[in-house]
Amino acid sequence: MEVWHAGKLAGGLYGVAVGGLFAGESMFSRVSDASKVALAFLVGRLRERGFGLFDIQWRNEHTKRLGAVEIPRGEYLRRLRAALAVTASFA
């Protein structure tokens, strides 16, 4: 997901989509808060497309402020199985 401002790449994030799972890999910003804009847009897009799980890998204070929650391993595995069974498309 890219965020452009005044014709220049301002920030974004990338990851891998499999079924109804999106696994985020990295965020970057060249302009303050551009990665947050990308994240907000991506979450909306994933919801629209039927994705059931967004794995950010690591919850920290930054991602916690953006709404990330930690779930127990058993719950994660249940959600992962359900997400992988979904046919979702990011396009």
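Within any chain, residue numbers begin from 1 and follow the written order of that chain's sequence. For a predicted model such as this one, the threshold for reporting local features is a pLDDT of at least 70, and the threshold for listing and counting side-chain atom pairs is 80 or more; totals across whole chains, interfaces and linings nevertheless cover every residue. Heavy atoms throughout the structure, all of them, feed into the side-chain values; hydrogens and water do not.

Secondary structure counts use DSSP, requiring at least four H or I residues in a row for a helix and at least two E residues in a row for a strand, with both numbered from the N terminus. Helix and strand content of the chain: 3 helices and 4 strands. Walking the chain from its N terminus toward its C terminus, one meets helices and strands in the order β-β-β-α-β-α-α. Structurally, the chain occupies a C-alpha span of about 45 × 30 × 15 Å along its principal axes. Relative accessibility thresholds used throughout: buried, under 20% of the residue-type maximum; exposed, over 50%; partly exposed, between the two (1.4 Å probe, protein chains only). Within the span of the chain, comprising 91 residues, buried residues form 25% of the whole. Here, residues are in contact when the closest pair of their heavy atoms is within 4.5 Å. By sequence separation, contacts in the chain at least 24 residues apart represent 53% of the contacts at least 6 residues apart. Surface accessibility in these figures is a Shrake-Rupley result with a 1.4 Å probe; residues are shielded only by whichever protein chains are displayed. Of the roughly 6,300 Å² of accessible surface on the chain, 55% is carried by carbon and sulfur atoms. In the chain, 13 side chains carry a positive charge and 8 a negative one; their mean positions are 2 Å apart. Only four residue types enter the charge count: Lys and Arg as positive, Asp and Glu as negative, with His and the chain ends excluded. Where a charge sits is defined by one atom per residue type, namely NZ (Lys), CZ (Arg), CG (Asp) or CD (Glu).

A separate point is the pairing of strand E2 (residues 8-18). Here the rule is simple: two strands pair whenever DSSP picks up at least two bridges between them. With 4 bridges connecting them, strand E1 (residues 2-5) and E2 associate as antiparallel partners. Paired with Trp4 across the two strands is Leu9, which belongs to E2. Joining the antiparallel neighbours E1 and E2 is a turn of 2 residues, in which Ala6 adopts a positive phi near 55 degrees. Here E2 runs beside strand E3 (residues 21-29); their pairing, made up of 8 bridges, is antiparallel. Each bridged residue has a counterpart across the sheet, and for Gly15 the counterpart in E3 is Gly24.

A separate point is helix H1 (residues 34-48). Helix span, as expected, comes to 1.5 Å for every residue beyond the first. Between the first and last C-alpha of H1 there are 21 Å, a value that for 15 residues agrees with the 21 Å anticipated at 1.5 Å per step. Taken as a whole, H1 has its buried residues at Ala34, Ser35, Ala38, Leu39, Leu42 and Leu46. Looking straight down H1, one finds that the buried residues subtend no more than 135 degrees of arc, so they occupy a single side. In H1, the exposed positions angled more than 90 degrees off the buried face are occupied by Ala40, Arg47 and Glu48. In the core, the buried residues of H1 are packed alongside E1, E2, E3 and strand E4 (53-55). Of the residues one or two after H1, Gly50 is the one with positive phi, at around 85 degrees. Note that the arc is computed from the directions linking the helix axis to the C-beta atoms.

Once that is clear, we can look at the side chain of Ser35. With respect to the helices and strands, Ser35 occurs in helix H1. Given a relative accessible area of 9%, Ser35 falls into the buried group. Setting aside chain neighbours within four positions, we find Ser35 in contact with Gly12, Leu13, Met27, Phe28 and Ser29.

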